[in-house]
Structures are given as C-alpha cells and as structure tokens.
Amino acid sequence: AGRRRGGAMIAAGLRRRWRLVRTLFGTTIALYAEYRAEMAIWVLAGSLPLVMMFAWIGIARERPIGGYDAAGFVAYFLTVFFVRQMTPVWVLGEVDRAIRKGELSPMLLRPLHPFWVHAVGHLSAVIMRVPAIGLLAVLGLWAGGALDRLDWASLPLFALAIVGAWTILFNFHYSFGLLAFWTDQAGALQTLIYTLNMIFGGGLVPLELFPPALRAALLYTPFRAVIDFPVGLLAGRPGWPETLQGFALQLAWILVFVGARRLLWRRGLRRYAAAGA
C-alpha cells in the first residue's frame, strides 16, 4: 500500500510538472510569435557561417582544398548554419543578470526550477526557427548544387546529434552564468565562449583543414561535439565507429556540464541566500 501511494504521488508530481512546462511553452511561443522581427534579427546575427561559405567558395573556384570543392563548401557551411540556428544559447547573460540584479529571488518562489524556465524559452525559439531555417538551408543547397553532397539517410542521427549539441551548450553556458554568484564578470565570458566554439568547433574552417596535431587535440573538446560532429554526420559521412565515438563524447560532456551546473547551483544558492537576497 505504501509503495502504491508513493508511486501515485510521483505520478501526480510528474503530471503537475508536465502541465507547468506545457503552459510555459504555450506562453513563450506566443510571445516569440509577437516579436517575429526580433527573431529575424537573431537569425541574421548568426549568419557568420554563410559569410565564411562565400569566402571559401571563392578560394576553391580554381581547385579543391582539403577535399572540398565549391559545392562541398556549400554543403558544409549551410549545414553549420543550420546546426548553429538550431542550437542558439544566450542563457549565460540571462543567469548572470538574474543573479546580479536580484531577479533570481522571485524566480525561486515559482513552482518550477529557474533552469527549466530558461530552457523552455530557448527551446521555444528553436521551434519557431525550424520551418524558415530548414527551408532556407534546402534552397541554398539546391542553388549551390550541393543537395547530393549530404547523406540524407543520416538525418535521424543528425537530429539526435543536434539535441545533444544543444544540451551541451545550454548546460555549458548555464554553468558559466552561475559564476555570477561569485563574480561580476561572468557575463563577459559569453563572447569568449562563442569565439572559441566557432573557431575550434569548425564553424569558420572545417576541422579537416586544421594541422593534424591540432585537429587530434580538438576531437575530444566540447567545441567539436557541438558543431563538427553533427555537421559531419550529414556532410561528412563518417563510419559507425566514428559515429558511436561522437555520440559517446556528447554524452560525456553532457554529464560533465550537468554535474557542474548542479554543483555550482547548490553552492551558489547558499551564498545567494546568505547575502540576504
């Protein structure tokens, strides 16, 4: 009887949380729908891979570079563009501001953990982007003669890798945002993380074009796991050993950053409460 009551209480709690998340999703998506112009600005702000695509196409007009011809660069960078648009993360600045300005205090009174409020906001933005970004990417591939350069059979694995990439990035940025419990400079790390991610993740130059020693070192970084690995599934056609290794690496980094986030949250919250916030 006790086990049945315990199970019923857990099920009721899960149903309650699901209703809260569903309501939050509906409200957030409605809010983003009212500010479509702002969404368009965010999309344009993430168009750096397209700029790099045109630069590399110009370089590769005469001869292929590292196995990439013009159509190969179109396929690669349009896939990078799609991955980046499906994994937008700005939570570091939100968490930093909430802690420094005391906005976290009312959030702690809500029935849902602040982490999930931020996560739903980000995922709602992704949902709003999917149709337009997907259509734009396909049209770009068609115009660049690169539709046949992608392994469309790997699309389910590609989608799964994007989920893993978003999870890594979100927990990565959230963890650094929580440093605001101890310093006023946490927000300054956002630009640094973005820059490192684009350079060492393959957002500006395919990792195949890096010096072999540097590329070997980057294969195990979170930067490679959030850009190069998902892109490679669709545009690089890796074998099963490389694919399984890539997913294992994503899972490892997810566990690292989720653990870091939970640890920093517990310790930082005690410091926040001690300060009388």
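Let us look at the structure shown here. As the structure is a prediction and not an experimental result, all values here were calculated from the model. (Residues numbered from 1 in each chain as written. Predicted model: local features only at pLDDT ≥ 70, side-chain atom pairs only at ≥ 80, totals over all residues. Heavy atoms only, no water.)

## Topic: the overall build of the protein chain
Inclusion rule: Runs of H or I in DSSP of at least four residues are treated as helices and runs of E of at least two as strands, each being numbered from the N terminus. For the exposure calls, accessible area comes from a 1.4 Å probe over protein chains only, and a residue counts as buried if that area is under 20% of its type's maximum, exposed if over 50%, partly exposed in between. Only heavy atoms matter for contacts: two residues are in contact if any of them lie within 4.5 Å across the pair.
For the protein chain, the helix and strand inventory stands at 13 helices and 0 strands. Secondary structure elements in the protein chain, listed N-terminal to C-terminal, are α-α-α-α-α-α-α-α-α-α-α-α-α. Going through the 277 residues of the protein chain one by one, you find that 43% of them count as buried. Taking all contacts inside the protein chain whose residues are at least 6 apart in sequence as the whole, residues at least 24 apart take part in 81%.

## Brief notes about the packing of aromatic side chains
Heads up, the condition is: Any two rings among Phe, Tyr and Trp, with Trp reduced to its six-membered ring, count as a pair given centres within 6.5 Å; such a pair is stacked if its planes are under 30 degrees apart, edge-to-face if over 60, and tilted if neither. For a Lys NZ or an Arg CZ to count as sitting over a ring, it must be within 6 Å of the ring centre and within 35 degrees of the ring normal.
Scanning the entire structure with this criterion turns up 18 aromatic pairs. Judged by centre distance (5.0 Å) and plane angle (90 degrees), the ring pair of Tyr-76 and Phe-77 falls under edge-to-face. Judged by centre distance (5.2 Å) and plane angle (65 degrees), the ring pair of Phe-115 and Tyr-174 falls under edge-to-face. Pair noted here: Phe-115 is in helix α7 (residues 114–143) and Tyr-174 is in helix α8 (residues 155–177), with a separation of 59 residues, a long-range link. A relative accessible area of 2% means that Tyr-174 is categorised as buried. Through a chain of ring-to-ring contacts, three or more aromatic side chains come together here, namely Trp-56, Tyr-68, Phe-73, Tyr-76 and Phe-77. Sitting over the face of the ring of Phe-115, Arg-261 holds its NZ or CZ atom 3.7 Å from the ring centroid.

## A look at the pattern of salt bridges
This is how the line gets drawn: Salt bridges are defined by distance alone: a side-chain nitrogen of Lys or Arg within 4 Å of a carboxyl oxygen of Asp or Glu.
Per the counting criterion, the structure on display carries 4 salt bridges. The salt bridge involving Arg-100 is made with Asp-96; its shortest N-O contact spans 2.9 Å. Of this pair, Arg-100 and Asp-96 both sit in helix α5 (residues 91–100), 4 residues apart, which is roughly one turn of that helix. By relative accessible area, Arg-100 is classed as partly exposed at 41%. For Asp-228, the salt bridge identified is with Arg-224, shortest N-O distance 3.2 Å. A single burial state applies to Asp-228 and to Arg-224, both of which are buried.

## Looking at the nonpolar core
What counts, and what does not: In this text, buried Ala, Val, Leu, Ile, Met, Phe, Trp, Tyr and Cys residues form a nonpolar core when linked through side-chain atoms within 4.5 Å.
Ranked by internal contacts, the top residues of the largest apolar core, which has 62 residues, are Phe-73, Ile-99, Leu-104 and Phe-170. Counting residues per element, this core draws most heavily on helix α4 (residues 70–86), at 12 residues. Among residues more than four places away in sequence, those in contact with Ile-99 are Leu-104, Gly-177, Leu-178, Ala-180, Phe-181 and Tyr-272.

## Considering α7
For the record, the criterion: Every helix has an expected span of 1.5 Å times one less than the residues it contains. The angle between axes fitted to the seven-residue stretch ending at a residue and the seven-residue stretch beginning at it gives the bend at that residue.
Taking 1.5 Å as the rise per residue, α7 with 30 residues should run 44 Å; its terminal C-alpha atoms sit 43 Å apart, in good agreement. Along its length, α7 reaches its greatest deviation from straightness, about 45 degrees, at Val-130, and the proline Pro-131 lies no more than four positions downstream. Trailing α7 by a residue or two, Gly-145 shows a phi angle of about 65 degrees, which is positive.

## Concerning the environment of Ile-162
With respect to the helices and strands, the residue Ile-162 is situated in helix α8. Classification of Ile-162 as buried rests on a relative accessible area of 10%. Placed 76 residues apart in sequence, Ile-162 and Met-86 show a C-alpha to C-alpha distance of 7.2 Å. If we skip the residues at most four places from it in the chain, Ile-162 touches Phe-82, Val-83, Met-86 and Thr-87.

## What about the packing of α4 against α7?
Heads up, the condition is: Helix axes use the C-alpha atoms of the stretch in contact, all axes being lines fitted to C-alpha atoms, and the angles between their N-to-C directions lie in the range 0 to 180 degrees. Angular relationships are summarised with four words: roughly parallel below 35 degrees, roughly antiparallel beyond 145, roughly perpendicular across 65 to 115, and oblique for the angles in between. Note that Gly is not counted as nonpolar here; it falls among the polar residues with everything else outside the nonpolar set of Ala, Val, Leu, Ile, Met, Phe, Trp, Tyr, Cys and Pro and the charged set of Asp, Glu, Lys and Arg.
Contact geometry of α4 with α7 gives a least axis separation of 9 Å together with a crossing angle of 175 degrees. The orientation of α4 with respect to α7, classified from their angle, is roughly antiparallel. When α4 is examined against α7, the residues Val-74, Ala-75, Leu-78, Phe-81, Phe-82, Gln-85 and Met-86 are found in contact with a partner set consisting of Val-126, Arg-129, Val-130, Ile-133, Gly-134, Leu-136, Ala-137, Gly-140 and Leu-141. Residues of the contact of α4 with α7, tallied by class, amount to 12 nonpolar, 3 polar and 1 charged.

## Some points on a positive patch on the surface
Here is the rule: Patches in this entry comprise residues that are over 30% relatively accessible and not in a salt bridge; like charges within 9 Å are linked, as are nonpolar side chains (Val, Leu, Ile, Met, Phe, Trp, Tyr) within 5 Å. Values of accessible area rely on a 1.4 Å probe in the Shrake-Rupley scheme; residue burial ignores everything except the protein chains shown. Charged residues are defined here as Lys and Arg on the positive side and Asp and Glu on the negative side; His and the ends of the chain fall outside this count. By convention, the charge on Lys lies at NZ, on Arg at CZ, on Asp at CG and on Glu at CD.
On the surface, a cluster of positive charge is contributed by Arg-262, Arg-266, Arg-267 and Arg-270. Along the chain, Arg-267 turns up in helix α13 (residues 240–274).

## Focus on the side chain of Asn-171
Our working definition: Two N or O atoms count as a polar contact when they lie within 3.5 Å, although within protein this holds only if one can serve as hydrogen donor and the other as acceptor, and sequence-adjacent residues are included solely when both atoms are side-chain atoms.
Along the chain, the position of Asn-171 falls in helix α8. Of the residues examined, Asn-171 reaches a relative accessible area of 4% and is grouped as buried. There is a polar contact of 2.7 Å between the side chain of Asn-171 and the side chain of Arg-261. Not counting residues within four places of it along the chain, the set of residues in contact with Asn-171 comprises Phe-115, Phe-257, Val-258 and Arg-261.

## A closer look at α5
Our working rule: This arc is built from the directions going out from the helix axis to the C-beta atoms.
Within the sequence span of α5, burial applies to Val-91, Leu-92, Val-95, Asp-96, Ala-98 and Ile-99. Along the long axis of α5, the arc covered by the buried residues comes to 165 degrees, so they all point the same way. Looking one or two places after α5, you find Gly-102, whose phi comes out positive at around 80 degrees.

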